[in-house]
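# A look at the structure
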Amino acid sequence: MKLKLTKTLTVGAATVLLFPALVMGQCLPPNDVLISDPTQDFVDPEFDPVGNQLVWADFSGNVWIADVDPVTGDGTPNDGKGTLVDTNFLRETINGPEWSYDRGKPYAILTKPFFDKPQLWVAREDTPGNWSSTALQHSIGRFNPNGTSSSSQDEGRIVYGQRDQNAIAWRIGDKANTEDLLLGVKGLGGRQIEGRRSWMVGDIVAGTRQILGVDIDSGQVTQITSGPEEKTTWHSWWAPEFNEPVIVTRHDTQTLAIYRENGGAWTLHYTFNIPNTNFPYLSSPEGFSWNGKSYVAVVAARALNPNAAVPAAPTGPSQIWIAGIDPADPFFCKISAPGRLSNLSDPEVFPTDNGPVVFYSEIIGKTYPWRLRRADTGLGPRAPGVPDLAVQTIGAVDSIELGNVLSHTVLVINNGTGLATGVVVENVLPANASFDSASPSCTLAAGKVSCALGTLAAGAETTIDISLLPNSGDILLNTATVSANEIEDSLADNSSTEETELTGGPAPSTYRLNVVPFNGQGSIVSTPEGIDCPGACTADFTNGQAVVLTATPDAGSMFVKWFGACISAGSNPDCSLNMNKDRWAYAAFQ
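Residue numbers restart at each chain and count upward from 1, following the sequence in its written direction. Restriction of local features to residues with pLDDT of at least 70 applies here, the model being predicted, together with a cutoff of 80 or more for giving and counting side-chain atom pairs; totals for whole chains, interfaces and linings are based on all residues. Calculation of side-chain values draws on the structure's entire complement of heavy atoms; hydrogens and water are dropped beforehand.

### Observations concerning the side chain of Gln210
The residue Gln210 is located in strand β19 (residues 208–215) in this model. Within 3.5 Å is the distance limit for a polar contact, defined as a pair of N or O atoms, with the added protein rule that one can donate a hydrogen and the other accept it, and that residues adjacent in sequence qualify only through two side-chain atoms. A distance of 2.8 Å separates a polar atom in the side chain of Gln210 from the backbone oxygen of Gly227. Here Lys231 takes part through its side chain, which lies 2.9 Å from a polar atom of the side chain of Gln210. Contact partners of Gln210, with chain neighbours within four places excluded, come to Val201, Gly202, Asp203, Val205, Gln223, Thr225, Ser226, Gly227 and Lys231. Comment: elements are numbered from the N terminus, with helices defined as DSSP H or I runs of at least four residues and strands as E runs of at least two. The contact criterion used is simple: two residues touch if any of their non-hydrogen atoms lie within 4.5 Å.

Structure representation (structure tokens):
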């Protein structure tokens, strides 16, 4: 059964759905089955579509890895206890173990106790079937980690709460010296914006929680959402309809909103409610694309749990739905079995050979309350003959001394079902490097290396070599991008950026300070002179110079807090900075 919405209201560029009319058609009868052992708890697993596996922690703190059949979606074994990878998991944190990816390779991240504080641990598969778990260096007081998405071909990053600073922080994998603070949000972590070197986090802007995007290279913050609705829970994926990332979030408790990146600017694309007024409260939206279209899986519930750790979490009898994001062709389908009165939570979309399925947890009673169920989306197998290219840099080095040649081996893979023709890898030369050499298929023109690879069959891969000569700076960011003649479902994995530390060169004489007064209700000035914003919101200062920023609210407004480079200043209107790198500082007014 398919539900079409026939009454709409257009507000600005966004379409708002008002009420539904029932239409018979594309939505198949629910195919919803219990796949876990009904006598065992199976708590909130996270799924890895790259390695076809799941990770979860039981109530005793044991962390398990189990296989997932890529054809059927069945778990092996059905109690989820395949390989024990760790013990003593800290269940008091909001989320369980999560997956992260380093150049497309999965590893598990989790929180464990260190005396009375949390600590981050990483579990990796050393050889097939053999896992080891190690503590991340300098990670005491860190918790609730999330990681790089499965489509990312870059060096893996972890985003987490940092208890000492009451903030969100991130680092590159095991490299403790790369840790940096993102925003002053209390331990809610962040998620990657699909296909972008940016993370989305939540923070209070003018009294309302909004989604902000943080560029991991520059530290620049962009406000993605706006409006008076409280934004809670968010997820990003690549929308083939737009060839851009999109974000789904919850507006207050009963509405889902789709935000689209259009030419670098974020706009509200679509808002909707699930068309069942008996189950109005929504939770845990997860977006995905299939055969050229985007969908959202979501929980719809009858009531809210006022005591939940996650804000406004539904409770009691629930349903699982999928919805389309095209306001011109609204699509809603309830995929959980009818007549179930249990509490359902945390839908996880997983692609199988027979089409995407949605795993979700069912909480039914006191003896063995947590079960794992699987519902078919009814969207069918992947369309044949569609290529899916991915590119990644292999054998890269972490650092190199200026004056030495930096060589990159670029791996191109066709993960799709069809032939890719006219395959080209392009590498725009970074501003602080010159061209040295490349594979015979490559040419250099107008500051760009182009490598023509011809055709690439489904499942095939090939490599090219590109060598550069770094000439200045302390970081080199080099990006390779692959394209083909055919249209792909997702371009999120079509580029890979390698970050290399440069050593041995002279330190820069100046660094740039950028400031932004959020909401435009105040001013920011610097001592010494240079910043007087609005107006002069960017200035260069001598390397190592001490700079004090002062935020002053306009009449009728008030200064709330700093974030970005000034996060440690909190609500103090004066922020002291050491200009030993480029920085972005934000003053929030209301």
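Back to the write-up after that little detour.
### So, unusual backbone geometry
With an omega dihedral of 0 degrees, the bond running from Thr527 to Pro528 counts as a cis peptide bond. In this structure, Pro528 sits in the loop between β43 (522–527) and β44 (532–533). The residue after Cys533, namely Pro534, is reached through a cis peptide bond having omega 10 degrees. Topologically, Pro534 is positioned in the loop between β44 and β45 (538–542). Of note in the backbone geometry, Asn88 takes a positive phi value of approximately 65 degrees without being a glycine. Looking at where Asn88 falls in the secondary structure, it is placed in the loop between β8 (83–86) and β9 (98–102). Between buried and exposed lies partly exposed: a residue is buried under 20% and exposed over 50% of the maximum accessible area for its type, with that area taken using a 1.4 Å probe on protein chains only. Residue Asn88 is classed as partly exposed on the basis of its relative accessible area of 43%.

### Some points on the sheet that holds β43
The four strands lie next to each other as β44-β43-β46-β48, forming an open sheet whose pairing is antiparallel. Each having just a single partner strand, β44 and β48 (574–579) make up the two edges of the open sheet. For two strands to count as paired, DSSP must find a minimum of two bridges between them. Pairing geometry for strand β46 (residues 545–553) and β48, over six bridges, is antiparallel. The partner of Val548 across the bridge, within β48, is Ser576.

### Remarks on the pattern of salt bridges
Oppositely charged side chains may form a pair once their charged atoms are brought near each other. Only one rule defines a salt bridge in this text: a Lys or Arg side-chain nitrogen within 4 Å of an Asp or Glu carboxyl oxygen. Under the definition given, this model contains 23 salt bridges. Among the salt bridges present, the one from Arg196 reaches Glu261, with a minimum N-O distance of 3.0 Å. With Arg196 in the loop between β17 (191–192) and β18 (198–205) and Glu261 in strand β23 (residues 255–262), this residue pair connects regions lying 65 residues apart in the sequence. Owing to a relative accessible area of 9%, Glu261 belongs among the buried residues under this scheme. Between Glu426 and Lys448 there is a salt bridge, with its nearest N and O atoms 3.5 Å apart. Residue Glu426 is found in strand β35 (residues 420–428), and its partner Lys448 is found in strand β38 (residues 448–456); the two are separated by 22 residues along the sequence. A network of salt bridges, in which partner residues are shared, links Asp154, Arg157, Arg197, Asp217 and Glu499.

### Remarks on the nonpolar core
The term nonpolar core refers to a set of buried residues drawn from Ala, Val, Leu, Ile, Met, Phe, Trp, Tyr and Cys, joined through side-chain atoms within 4.5 Å. Within the largest apolar cluster, 24 residues are counted, with the highest numbers of intra-cluster contacts made by Val412, Val423 and Val425. For this core, the elements supplying multiple residues, two or more each, are β32 (389–394), β34 (406–414), β35, β38, β39 (461–470) and β40 (475–483). If we skip the residues at most four places from it in the chain, Val425 touches Val410, Val412, Val449, Ser450, Cys451, Leu453, Ile464, Ala480, Thr481 and Val482. Core analysis: the second largest hydrophobic core is formed by 21 residues, Phe541, Ala551, Cys566 and Cys575 among them.

### Considering the sheet that holds strand β36 (residues 433–438)
Taken in spatial order, the four strands make up an open sheet running β32-β34-β39-β36, and their pairing is antiparallel. Both edges of this open sheet fall to β32 and β36, since each of them pairs with a single strand only. Adjacent strand axes in the sheet meet at a mean angle of 30 degrees, parallel and antiparallel pairs treated alike. As defined by bridge partners, β32 adjoins β34 across six bridges and the pair is classed as antiparallel. Bridging across to β34, Ile394 finds its partner in Thr409. For helices, the axis comes from a line fit to the C-alpha atoms of the stretch in contact; other axes are also lines fit to C-alpha atoms, and the angle between any two N-to-C directions lies between 0 and 180 degrees.

### What to know about the confidence of the model for the chain
Close reading of the predicted structure is inappropriate where its pLDDT is low. Confidence along the chain averages 87 in pLDDT terms, with 92% of residues attaining 70 or more. Contacts for the low-pLDDT stretch residues 1–25, under 50 throughout, to residues beyond four places or in other chains number 69 contacts. Every residue carries a pLDDT, the predictor's confidence in it, which falls somewhere between 0 and 100.

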